[in-house]
Amino acid sequence: AQSVTQLDSQVPVFEEAPVELRCNYSSSVSVYLFWYVQYPNQGLQLLLKYLSGSTLVKGINGFEAEFNKSQTSFHLRKPSVHISDTAEYFCAVSGPGAQKLVFGQGTRLTINP
Amino acid sequence: EAGVVQSPRYKIIEKKQPVAFWCNPISGHNTLYWYLQNLGQGPELLIRYENEEAVDDSQLPKDRFSAERLKGVDSTLKIQPAELGDSAVYLCASSPRGRDRGRNEQFFGPGTRLTVL
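Please read these numbers as outputs of a predicted model, since none were measured by experiment.

Counting residues at the interface gives 23 residues for chain B and 23 residues for chain A. Around 1800 Å² of area is buried between chain B and chain A when both sides are counted, 46% of it from carbon and sulfur atoms. Contact with chain A buries surface across chain B, with Gly102, Arg103 and Phe108 of chain B losing the most and accounting together for 27% of the total. For the interface between chain B and chain A, the tally reads zero salt bridges. Mapped onto the side of chain B that touches chain A, the elements with two or more residues apiece are β4 (31-37) and β5 (44-50) of chain B.

Here it is, written out as structure tokens:
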């Protein structure tokens, strides 16, 4: 079975500051990893995904994430956040031939001016 | 290209009443998912369709929940009767056909927020 733990339920940061949202996963097989963003009253939108190859993955809106197999982590980072980044962020895991995505509980990112 | 469409966006009902949610996936996407998202939680899969066949409904509470995907396009999720604990957001998602389903991005609709009083 696969599982995802997002270590922070809420992360407050100041505008233009860097941010890291932490995600750890558990899986007995190889994994595919995803970060989705959910803006208020909207559905989830894919930010980026790791399938194979380079462990540093770049996504939309200036976000990037690094796959670390030894630490079973896939932390999301952005060097400078904007007010518009205020949203809920979800880490998710699947695997080869997987039947479904398993989501973490989410991290609420709040940007203070 | 239109995204995943869901209706209604909001629904308020009394407990024990029936309710239905509708989803129209992205054109050409053969896989359709219904998720339940409780407040402050990540989405949890209720049911997955491949075309018109429900291939994973292990998490669907079948005593009160039902779903259908006629003709392999639109889908309806129904609750009868609704309970107070069913208050949540119901998300629909779709993804295209692929050799390795695990790699596929899922495209989500805006969800239906259900409040049961």
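Next comes the rest of the description.
Residue and element names in this part refer to chain B. Secondary-structure assignment places Ser94 in strand β9 (residues 88-95). A polar contact of 3.4 Å, which involves the side chain of Ser94, links it to the backbone nitrogen of Ile26. In this structure, Ser94 is in contact with Val4, Pro25, Ile26, His29, Thr31, Leu32, Tyr33, Glu105, Gln106 and Phe107, ignoring residues within four places of it in sequence.

What follows is about the pattern of salt bridges. In this structure the tally under the stated criterion is ten salt bridges over all chains. Asp86 of chain B is paired through a salt bridge with Arg64 of chain B; the nearest N and O atoms lie 2.6 Å apart. On the criterion of sequence distance, the pair formed by Asp86 of chain B in the loop between β8 (75-79) and β9 and Arg64 of chain B in the loop between β6 (53-56) and β7 (65-68) is long-range, its members being 22 residues apart. Judged by relative accessible area, which is 6%, Asp86 of chain B ranks as buried. What you see here is one network of salt bridges that share partners, running through Glu20, Glu66 and Arg77 of chain A.

Here the focus is the pairing of strand β1 (residues 3-6) of chain A. Side-chain positions along a regular strand alternate between the two faces of the sheet. All names here are of chain A. Of the two faces of β1, only one is covered, namely that formed by Val4 and Gln6; the face formed by Ser3 and Thr5 stays uncovered. Where β1 meets strand β4 (residues 23-26), four bridges bridge the pair, whose relative direction is antiparallel. Residue pairing for β4: Val4 is matched across the bridge by Tyr25.

Negative phi values dominate among residues other than glycine, just as trans dominates among peptide bonds. Each neighbour pair has its own omega, and for Ser7 of chain B with Pro8 of chain B the value is -10°, a cis peptide bond. Within the secondary structure, Pro8 of chain B sits in the loop between β1 (5-7) and β2 (10-13). A cis amide bond links Gln80 of chain B with the next residue in sequence, Pro81 of chain B, at an omega value of -5°. A positive phi angle, near 60°, is found at Asn41 of chain A, a position not held by glycine. Along the chain, Asn41 of chain A falls in the loop between β5 (32-38) and β6 (44-50).

All names here are of chain B. Pairing is antiparallel in the open sheet, where four strands are placed in the order β1-β3-β8-β7. Edge strands, defined here as strands with exactly one partner in the open sheet, are β1 and β7. For this sheet, the mean angle separating the axes of adjacent strands, direction not counted, is 15°. Direction of pairing for strand β3 (residues 19-24) relative to β8: antiparallel, over a ladder of five bridges. Looking at β8, one finds that Ala20 is bridged to Lys78.

By the definition in use, this model includes twelve aromatic pairs over all chains. Ring centres of Phe63 of chain A and Tyr89 of chain A lie 5.5 Å apart, and the angle between their planes is 45°; this geometry places the pair in the tilted category. With Phe63 of chain A in the loop between β7 (56-58) and β8 (64-68) and Tyr89 of chain A in strand β10 (residues 87-94), this pair connects stretches of sequence that are 26 residues apart. On the accessibility criterion, Tyr89 of chain A (0% relative accessible area) is buried. Plain terms: the ring middles of Tyr35 of chain B and Phe108 of chain B are 5.5 Å apart, the flat faces sit at 40° to each other, and that makes the pair tilted. In this pair, Tyr35 of chain B sits in strand β4 while Phe108 of chain B sits in strand β10 (residues 107-108), placing the two residues 73 residues apart along the sequence.

Residues and elements named next belong to chain A. This model, assessed by the stated rule, comprises two disulfides over all chains. The disulfide partner of Cys23 is Cys91, and the S-S distance across this bridge is 2.0 Å. For the disulfide bridge between Cys23 and Cys91, the dihedral angle about the S-S bond is near -65°, and by the sign convention the bridge is left-handed. One end of the pair, Cys23, is in strand β4; the other, Cys91, is in strand β10, with 68 residues separating them in the sequence.

Calculation rules
- Residues numbered from 1 in each chain as written.
- Chains lettered and ligands numbered in written order.
- Predicted model: local features only at pLDDT ≥ 70, side-chain atom pairs only at ≥ 80, totals over all residues.
- Heavy atoms only, no water.
- Contact = heavy atoms within 4.5 Å.
- Buried area = accessible area lost by both parts, 1.4 Å probe.
- Salt bridge = Lys/Arg side-chain N within 4 Å of Asp/Glu carboxyl O.
- Helix = DSSP H or I, 4+ residues; strand = E, 2+ residues; numbered from the N terminus.
- Polar contact = N/O pair within 3.5 Å; in protein donor to acceptor, adjacent residues only side chain to side chain.
- Buried < 20%, exposed > 50% of the residue type's maximum accessible area, 1.4 Å probe, protein only.
- Pairing = 2+ DSSP bridges.
- Axes fitted to C-alpha atoms, helices over the stretch in contact; angles between N-to-C directions.
- Phe/Tyr/Trp six-rings, centres within 6.5 Å; stacked < 30°, edge-to-face > 60°.
- Disulfide = S-S within 2.5 Å.

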